[in-house]
Amino acid sequence: MQAWLIYSIISLLLWGVWGIILKFSNNFYNTVTTYYLSTIGSFATATILTLTMKNDFNTSPLRHIHYPLIAGFFGTLGYLFMVKALEQGKASIVITITAVYPVITLALSILILHENLSLTQFIGIILAVIGVVLMSI
């Protein structure tokens, strides 16, 4: 099995647990508090990983630093709205709907990065969108 596939499966499992823990958190805290406390957990984890794993802070020029900062901005707002949705909706539906965000990434990748889709991949995206519609009914 290729490394990228193993990493994808690990990510899938971790995010699956993450979604249910966020829902539990909303039983005790409001959206802003849940978001804030989970962000502290994310920052602590990122700090430990940065200090203990290979990074390129010393060799990469800072002229491209805006990309990860802007990504953090969009990710943070998306995360905040997902936590708000979890506060009011069922975890099974909210997580399923928000988990289809790659459809947006895909569309932007085609428009901005000029990436191509195979017919099979296109059909997969259509099925994912249909799945979201069915989950929200």
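Shown above is the structure to which this text applies.
Now for a description of the structure that goes with this document.

Definitions and cut-offs
- Residues numbered from 1 in each chain as written.
- Predicted model: local features only at pLDDT ≥ 70, side-chain atom pairs only at ≥ 80, totals over all residues.
- Heavy atoms only, no water.
- Phe/Tyr/Trp six-rings, centres within 6.5 Å; stacked < 30°, edge-to-face > 60°.
- Core = buried A, V, L, I, M, F, W, Y, C linked by side-chain atoms within 4.5 Å.
- Buried < 20%, exposed > 50% of the residue type's maximum accessible area, 1.4 Å probe, protein only.
- Helix = DSSP H or I, 4+ residues; strand = E, 2+ residues; numbered from the N terminus.
- Contact = heavy atoms within 4.5 Å.

## Thoughts on the packing of aromatic side chains
Under the defined criterion, the tally for this structure stands at three aromatic pairs. A ring pair is formed by F73 and F74, whose centres lie 5.4 Å apart and whose planes are at 85°; its orientation type is edge-to-face. An aromatic cluster of at least three residues, connected via ring pairs, comprises W18, Y35 and Y79.

## Quick notes on the nonpolar core
Judged by nonpolar contacts, L22, Y35, Y79, M82, V83, L86, A91 and V94 together constitute the single largest core of eight residues. Listing elements by their share of this core, those giving two or more residues are α3 (66-88) and α4 (91-98). Top element by residues in this core is α3. It accounts for four residues. In this structure, V94 is in contact with M82, A85, L86 and G89, ignoring residues within four places of it in sequence.

Read these as geometric descriptors, not functional statements.
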